[in-house]
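# Summary of the model geometry
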Amino acid sequence: MRLGIENIDKILEGNERVEFYGNWEDVLFLAHRAVASSAPINVVIVQEFGKFDPFLVKKFQRITGNYGEIVIRRAFKAEDVKPTIDSFQGEVIVIDPYFHRKDYTVITSALRRNVWVFTREVNGLPQGGTFNHHSMHVIIRVSSSKWGYRFYIKKHPLMPELEIPISIEGIYRGEEDKGLLAWV
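Notes on the structure follow.

Turning our attention to helix 3 (residues 54–64). Inspection of helix 3 places Leu 56, Val 57, Phe 60 and Gln 61 among the buried residues, and these make up the whole buried set. Down the axis of helix 3, the buried side of the element spans an arc of 145 degrees, and every buried residue falls inside it. In helix 3, those exposed residues whose orientation departs by more than 90 degrees from the buried face are Phe 55 and Arg 62. Among the structural elements, helix 2 (24–38), strand 3 (70–75) and helix 6 (168–173) are those in contact with the buried residues of helix 3. Immediately downstream of helix 3, the backbone of Gly 65 shows phi near 75 degrees, a positive value.

So, in structure tokens, the structure goes:
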């Protein structure tokens, strides 16, 4: 799986379980980018009324030139989340797994596979709290500003966070400019 942003993808390379969390609008936007860049991919969306925009995914597919197949399944109830995730073979992107705010243990056990999770931030932690911190390889907090996004990458609780800023243009293009080096 990949986000399609060169700097971030290099850091996440080789990690099977990654969790993105932050302001829901920012995280959902990045989930669209990840789905488009990772195709062919399986996606599980856990929401009653989704804000998942297939037109935004198509836009990112045109930008990245990746037109692979995307299989989407939805889980409308908390009891449906684990069977829906388990119904896929291979890599899975799960969007908002703790939406219903229950069955955390069951859902966390379903996420112990090759998975990227996109979830909300609640009280400075991913929704679900520290419930799945022990099973995720990398946890990334996402924040946005008027200039772009900041990714705060944490690979281990005892290690400091790594901060990577990406401009809005970099999010769409998938890479950052080299700055003054581009002119040399």
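Once the structure has been displayed, the description carries forward.
Enumeration over the complete set of coordinates arrives at seven aromatic pairs. Ring plane angle 25 degrees and centroid distance 5.6 Å describe the contact between Phe 60 and Tyr 172, whose orientation is recorded as stacked. Pair noted here: Phe 60 is in helix 3 and Tyr 172 is in helix 6, with a separation of 112 residues, a long-range link. The class of Phe 60 is buried, set by a relative accessible area of 0%. Ring plane angle 50 degrees and centroid distance 5.2 Å describe the contact between Tyr 98 and Tyr 104, whose orientation is recorded as tilted. Classification of Tyr 98 by relative accessible area gives buried; the value is 1%.

Reading the values: the criteria
Residues numbered from 1 in each chain as written. Predicted model: local features only at pLDDT ≥ 70, side-chain atom pairs only at ≥ 80, totals over all residues. Heavy atoms only, no water. Buried < 20%, exposed > 50% of the residue type's maximum accessible area, 1.4 Å probe, protein only. Helix = DSSP H or I, 4+ residues; strand = E, 2+ residues; numbered from the N terminus. Arc of directions from axis to C-beta. Contact = heavy atoms within 4.5 Å. Phe/Tyr/Trp six-rings, centres within 6.5 Å; stacked < 30°, edge-to-face > 60°.

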